[in-house]
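Given next are the chains, with one letter for each unit.
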Amino acid sequence: MRYLIDKLSRENNLSQEELELLLGNLSCEDRDYLIEKAYEVRKKHYGDTVFFRGLIEISNICKCDCFYCGIRASNKKANRYRLSQDEILECCHRGYSLGYRTFVFQGGEDSYFSDEILESIIKTLKSEYSDIAITLSLGERGEESFERLYRAGADRYLLRHETVNEELYTKLHPKMSLENRKKCLESLKSIGYQVGSGFLIGLPGLKLVDYAKDLVFLKNLRPHMVGIGPFIPHEDTPLKDEKGGTAYDTITLLAIIRLLLPDVLLPATTALGTIDPKGREKGFKAGANVIMPNLSPMECRKKYALYNGKVFLGKESAEEKLKIENGILEAGFQPILTRGDNIRWKRK
Ligand code: SAH
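Right, let's walk through the structure included here.

Quick notes on the rules
Residues numbered from 1 in each chain as written. Predicted model: local features only at pLDDT ≥ 70, side-chain atom pairs only at ≥ 80, totals over all residues. Heavy atoms only, no water. Salt bridge = Lys/Arg side-chain N within 4 Å of Asp/Glu carboxyl O. Buried < 20%, exposed > 50% of the residue type's maximum accessible area, 1.4 Å probe, protein only. Helix = DSSP H or I, 4+ residues; strand = E, 2+ residues; numbered from the N terminus. 1 Å grid on protein atoms, 1.4 Å probe; cavity = no way out; pocket = protein on both sides within 12 Å on 5 of 7 lines; lining within 4 Å. Points joined across faces, edges and corners; volume = space filled by probe spheres on them. Nonpolar A, V, L, I, M, F, W, Y, C, P; charged D, E, K, R; others polar. Core = buried A, V, L, I, M, F, W, Y, C linked by side-chain atoms within 4.5 Å. Contact = heavy atoms within 4.5 Å. Pairing = 2+ DSSP bridges. Polar contact = N/O pair within 3.5 Å; in protein donor to acceptor, adjacent residues only side chain to side chain. Arc of directions from axis to C-beta. Near = heavy atom within 4 Å. Areas by Shrake-Rupley, 256 points an atom, 1.4 Å probe, with all protein chains shown as cover.

### Let's talk about the pattern of salt bridges
Between side chains of opposite charge, pairing is possible as soon as their charged atoms come close.
Here is step 1 of the chain: Counting across every chain of the model gives 27 salt bridges.
Here is step 2 of the chain: Close ionic contact of Arg72 with Asp65 constitutes a salt bridge, the shortest N to O distance being 3.5 Å. For the residue pair Arg72 and Asp65, the accessibility class agrees, reading buried in each case.
Here is step 3 of the chain: When the shortest N-O distance is used, the salt bridge between Asp236 and Lys77 registers 3.4 Å. In this pair, Asp236 is assigned in the loop between β9 (229–230) and α10 (247–260) and Lys77 in the loop between β2 (54–59) and α4 (85–98), connecting sequence segments 159 residues apart.

Shown next as structure tokens:
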């Protein structure tokens, strides 16, 4: 295994077979060695910095019916909401005064957010502030829509591929296709966005070979950002009785991703912090370098429940930021609030 880890560190690549072998045979000591190597690489490219992104959950109304997701269309128990343009702008103003310079708009696939409405929000913010980045995480849209939003000033787009296991993808995403997901990622890349993709860990039925394939997919896509996290069951979904992913596996995969894509922006996700109180700090030590604290209005946070038990639900943005900053400093890392683009990206 040491041989494979050294090869991965040296060449930033392994074949699918080698990745599967590595995932299936890592002893605890090997895994510590892997994490050390990933830490060296994150240090080389980004030092000890952790970039902050302010997350604004703009709507939990969604036409999709993803089996794992708490805001899926068929969940009749979900208490639906949608932020108005003014509310979104207000969240950004508050975030800006707290020091945030990246705002991430995430939400369900809510047709209310037309190109016109999003353009108006993006243009307003970009004219008010010259030093911010805007990230969208609003699911699949047409190429023309992606293009318009990029021209309006959006800088980044997060769209996890969720899993490259086509059979499982089709089962878990009614009326959606992996092919279209991949097509969206290619469009986003060719338009010029900083693109983020990623997958869920611990979805029922996944095997090691699937993660090996997810990793090869990411390596070939060369995204600027990668978001991975454990699947956590939500009580009002068909997967409510499933087991979910572990922090241990998530952290191992974070380390491998850091070595495969040395300059990638890699969040330690809220889902990881939810299943392990020290999960995000462990993630930073394994190569993660981004955190996305919540800037959504307090009364909406409980409603944006993708999974059970989300951390920091009750904390005000300022209080949450302080707590997270302290945790990061204590773990030996440096919180950074600048827009923090991927080092190989320039706007087209
Ligand atoms: N509609 C947008 C945003 C989805 S929410 C889109 O399609 O991209 C962002 C991410 O949350 C999803 O990509 C998914 O990977 C993750 N997620 C959804 N349900 C989850 C669950 N039960 N456990 C962990 N992560 C989940």
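Next, the rest of the story.
### Some thoughts on the layout of surface pockets
Here is step 1 of the chain: Roughly 280 Å³ of volume is contained in the second largest pocket.
Here is step 2 of the chain: Residue lining of the second largest pocket: 21 residues in total, with Arg301, Lys302, Lys303, Tyr304 and Ala305 positioned closest to the centre.
Here is step 3 of the chain: Split into classes, the residues belonging to the lining of the second largest pocket amount to 6 nonpolar, 7 polar and 8 charged.

### A word on the nonpolar core
Here is step 1 of the chain: Residues Phe105, Leu136, Tyr193 and Ile257 are the most contacted members of the largest nonpolar core, which totals 104 residues.
Here is step 2 of the chain: For this core, the element with the highest residue contribution is α10, accounting for 9 residues.
Here is step 3 of the chain: Those residues in contact with Ile257 that sit more than four places away from it in its chain are Phe199, Leu215, Leu218, Val226, Ile228, Val264 and Leu266.

### Side note on the sheet that holds strand β11 (residues 334–336)
Here is step 1 of the chain: The strand order across the open sheet built from 3 strands is β10-β1-β11, with neighbouring strands paired in parallel fashion. In this open sheet, the two edge strands, each paired with only one partner strand, are β10 (290–291) and β11.
Here is step 2 of the chain: Here strand β1 (residues 49–52) runs beside β11; their pairing, made up of 3 bridges, is parallel. Among the inter-strand pairings, Val50 is bridged to a residue of β11, identified as Pro335.

### Description of the side chain of Asp115
Here is step 1 of the chain: Tracing the sequence through the fold places Asp115 in helix α5 (residues 115–128).
Here is step 2 of the chain: A polar atom in the side chain of Asp115 sits 2.7 Å from the side chain of Ser145.
Here is step 3 of the chain: The residues touching Asp115, leaving out its near neighbours within four places in the chain, are Arg141, Ser145, Arg148 and Leu149.

### Notes on the environment of Leu266
Here is step 1 of the chain: Considering the arrangement of structural elements, one finds Leu266 in the loop between α10 and α11 (270–275).
Here is step 2 of the chain: Separated by 68 residues in sequence, Leu266 and Gly198 have C-alpha atoms that sit 9.9 Å apart.

### Topic: the sheet that holds strand β4 (residues 133–137)
Here is step 1 of the chain: Read across the open sheet, the 6 strands follow the order β2-β3-β4-β5-β6-β8; overall the sheet is parallel. Only two strands of the sheet have a single partner each, and these edge strands are β2 and β8 (225–226).
Here is step 2 of the chain: With 3 bridges joining them, strand β5 (residues 156–158) and strand β6 (residues 194–197) adopt parallel strand pairing. Bridge pairing in β6 places Tyr157 opposite Val195.

### Observations concerning unusual backbone geometry
Here is step 1 of the chain: Its identity is not glycine, yet Asn12 carries a phi of approximately 50°, on the positive side.
Here is step 2 of the chain: Topologically, Asn12 is positioned in the loop between α1 (2–11) and α2 (16–25).
Here is step 3 of the chain: The phi angle at Glu162 is positive, at roughly 75°, despite the residue not being glycine.
Here is step 4 of the chain: Looking at the element boundaries, Glu162 is found in the loop between β5 and α7 (166–172).
Here is step 5 of the chain: Judged by its relative accessible area of 10%, Glu162 falls in the buried class.

### Things to note about α1
Here is step 1 of the chain: All of the buried residues along α1 are Leu4, Ile5, Lys7 and Leu8. The arc that holds every buried residue of α1, seen down its axis, measures 160°, which confines them to one face. Exposed and facing more than 90 degrees away from the buried side of α1 are Tyr3 and Arg10.
Here is step 2 of the chain: Against α2, α3 (28–46) and α10 lie the buried residues of α1.

### Examining the site of the ligand
Here is step 1 of the chain: Residues in close proximity to the ligand total 17 residues, the closest being Tyr68, Gly107, Arg160, Glu162 and Ile232.
Here is step 2 of the chain: Note that an oxygen atom of the ligand is positioned 2.6 Å from one of the side-chain N or O atoms of Glu162.
Here is step 3 of the chain: The contact in question runs from a nitrogen atom of the ligand to an N or O atom on the backbone of Ile232, over 2.8 Å.
Here is step 4 of the chain: Protein chains shield 91% of the accessible area of the ligand, which is 560 Å² for the free molecule.

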